[in-house]
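Secondary and tertiary structure notes
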Amino acid sequence: MKNIALVLLTCLLFSCKSEAQETTKKETFEVTKTDTEWKAELSDAEYHVLRQAGTERPFSSVLNKEYRSGTYHCAACDTPLFKSKDKFDSGTGWPSFDQEIEGNVAFGTDTKIGYTRDEEHCGTCGGHLGHVFNDGPKETTGERHCINGVALNFKPDNE
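All figures in this text were calculated on a predicted structure; none of them were measured in a lab.

This part is about the confidence of the model for the protein. Considering every residue of the protein, the mean pLDDT works out to 85; 82% of them sit at 70 or more. Here residues 5–25 is modelled with pLDDT under 50, and outside its nearest four sequence neighbours on either side it reaches two contacts, counting other chains as well.

Below, the structure is given as structure tokens:
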């Protein structure tokens, strides 16, 4: 009986959340605005995706079929995020890239739908962009950056 009590006490101590388990790093970004300011500057769809981590319907973005040479910028703060040379047709219904512009995209963990995904957000304003998966083109990075088109503005070269 004494051994059972000792085992239960040990399990209880190690299963409880400690203060160390609850520490989360609060990210700060160069461009920071109030919720009211973001709502005034962004369309409803942009706000839903960029500030509330929403997802647009697949195949709804005109950027999914954008094939010109250029750069994809954050729709909230204009940070360049992806180059057209890194874009590919994944068939998923969202603009997909095999790599980001290094240093301009930040990464985090998203568990909202019951499993862990690698979330991407703008490194300048923190706006939610989409997720990165390891099922992209093997001949390049092997990554698929699956990005909401509404979170992006496309700027063609030569304009």
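After that view, the rundown keeps rolling.
Note that Ser96 resides in strand 4 (residues 96–97). A polar side-chain atom of Ser96 sits 2.8 Å from a polar atom in the side chain of Ser90. Looking at Ser96, its side chain comes within polar contact range of the main-chain oxygen of Trp94, at 3.1 Å. If near-sequence neighbours (up to four positions away) are discounted, Ser96 is found in contact with Asp86, Lys87, Phe88, Ser90, Arg144, His145 and Cys146.

As a general point, the strands of a sheet are linked pairwise by backbone hydrogen bonds and lie either parallel or antiparallel. Overall, antiparallel pairing links the six strands, which are arranged 3-4-8-7-6-5 in an open sheet. One side of each edge strand has no neighbouring strand; the edge strands of this open sheet are strand 3 (87–88) and strand 5 (105–110). By the bridge criterion, two bridges tie strand 3 to strand 4 in an arrangement that is antiparallel. In the sheet register, Lys87 faces strand 4, and the bridge partner there is Phe97.

Counting 22 residues, the largest nonpolar core has Leu50, Leu81, Phe82, Leu129 and Leu152 as its most contacted members. Counting only elements with at least two residues in this core, the list comes to helix 3 (44–50), strand 1 (70–74), strand 2 (80–83) and strand 9 (152–156). No other element matches helix 3, which puts three residues into this core. For Leu50, the residues in contact, after removing those within four places along its chain, are Leu42, Cys74, Ala75, Ala76, Gly126, Gly127, His128, Leu129 and Ala151.

A separate point is the state of the cysteines. Disulfide: a covalent bond connecting the sulfur atoms of a pair of cysteines. Taken as a whole, this structure holds zero disulfides when the rule is applied. The cysteine Cys77 is free of any disulfide, with Cys122 supplying the nearest cysteine sulfur at 3.5 Å.

With respect to the element layout, Asp86 can be found in the loop between strand 2 and strand 3. Take Asp86: its relative accessible area is 7%, and that puts it in the buried class. Separated by 3.2 Å, the side chains of Asp86 and Lys85 make a polar contact. In this structure, Asp86 is in contact with Ser96, Phe97, Asp98 and Gln99, ignoring residues within four places of it in sequence.

Cut-offs and rules
Residues numbered from 1 in each chain as written. Predicted model: local features only at pLDDT ≥ 70, side-chain atom pairs only at ≥ 80, totals over all residues. Heavy atoms only, no water. pLDDT = per-residue confidence, 0-100. Contact = heavy atoms within 4.5 Å. Helix = DSSP H or I, 4+ residues; strand = E, 2+ residues; numbered from the N terminus. Polar contact = N/O pair within 3.5 Å; in protein donor to acceptor, adjacent residues only side chain to side chain. Pairing = 2+ DSSP bridges. Core = buried A, V, L, I, M, F, W, Y, C linked by side-chain atoms within 4.5 Å. Buried < 20%, exposed > 50% of the residue type's maximum accessible area, 1.4 Å probe, protein only. Disulfide = S-S within 2.5 Å.

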